[in-house]
Amino acid sequence: MTRPGSGPQGIYEQVGSTAPQAPPPPGSGLIPGAAAAPPPPPPPNYGELGSGQAKADFAAASANGGWEFDPAAMDKVIKSLEDCLESDFRKARREADVLNQIQPPGHEVGSEGYTAAANNSGAAYQAFMQGAWEYTNSYLDTLKQIRTAYQNQDEAAIDALRQIGKAD
């Protein structure tokens, strides 16, 4: 004689049924029976990424045995990035500020829902622009540090040559 809930039928009943779950909290947006997604990871550190990329680019360029530091070319790249930060990024950031300040044309569900979505999109664009600015600014600062290091190295070499001439 088999007991109810035992044998193959009992296993099927155990596997086929779900344990009762508490309903989601009101206003959570969760569908009953659904699990919340884990929180997103923190955003990357764009300043570290920009600096690291500048160092990697410089290392790759200077790895060639025939490479020479060209201060004029480095100054041209630095000037281009400075112009980009001053004009292009400034304009884009100003536009991004406007994109998250949209007001609904009316006070009904459609207008308010559209406005909320548009402002969220503007805030996401603003966050993207901030990260891109941090990345580019850090890249630029690293290039300036590399240029300064080469200039100081050249000055040290010139000073060493001057000392050799005085020793004679």
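No experiment lies behind these values; they were computed from the predicted model shown.

How each quantity is defined
- Residues numbered from 1 in each chain as written.
- Predicted model: local features only at pLDDT ≥ 70, side-chain atom pairs only at ≥ 80, totals over all residues.
- Heavy atoms only, no water.
- Helix = DSSP H or I, 4+ residues; strand = E, 2+ residues; numbered from the N terminus.
- Expected span 1.5 Å × (residues − 1).
- Bend = angle between axes of the 7 residues up to and from the residue.
- Buried < 20%, exposed > 50% of the residue type's maximum accessible area, 1.4 Å probe, protein only.
- Contact = heavy atoms within 4.5 Å.
- Core = buried A, V, L, I, M, F, W, Y, C linked by side-chain atoms within 4.5 Å.

Re helix α3 (residues 71-99)
With 29 residues, α3 should cover 42 Å at 1.5 Å per step; its first-to-last C-alpha distance of 40 Å lies within 8% of that length. At Cys84, α3 shows its largest bend, some 35°. By the burial criterion, the buried members of α3 are Met74, Ile78, Leu81, Leu85, Phe89, Ala92 and Ala96.

Quick notes on the side chain of Ser138
Note on placement: Ser138 falls in helix α4 (residues 109-167). Given the relative accessible area of 13%, Ser138 is considered buried. Beyond its immediate chain neighbours, meaning those up to four positions away, Ser138 contacts Gly47, Gly50 and Ser51.

Points about the nonpolar core
Counting 16 residues, the largest nonpolar core has Met74 and Leu143 as the members making the most contacts within it. Of all the secondary structure elements, the ones that give two or more residues to this core are α2 (46-62), α3 and α4. Top contributing element to this core by residue count: α3, with seven residues. Filtering out sequence-adjacent residues up to four positions away, Met74 remains in contact with Phe58, Phe69, Leu143, Ile146 and Arg147.

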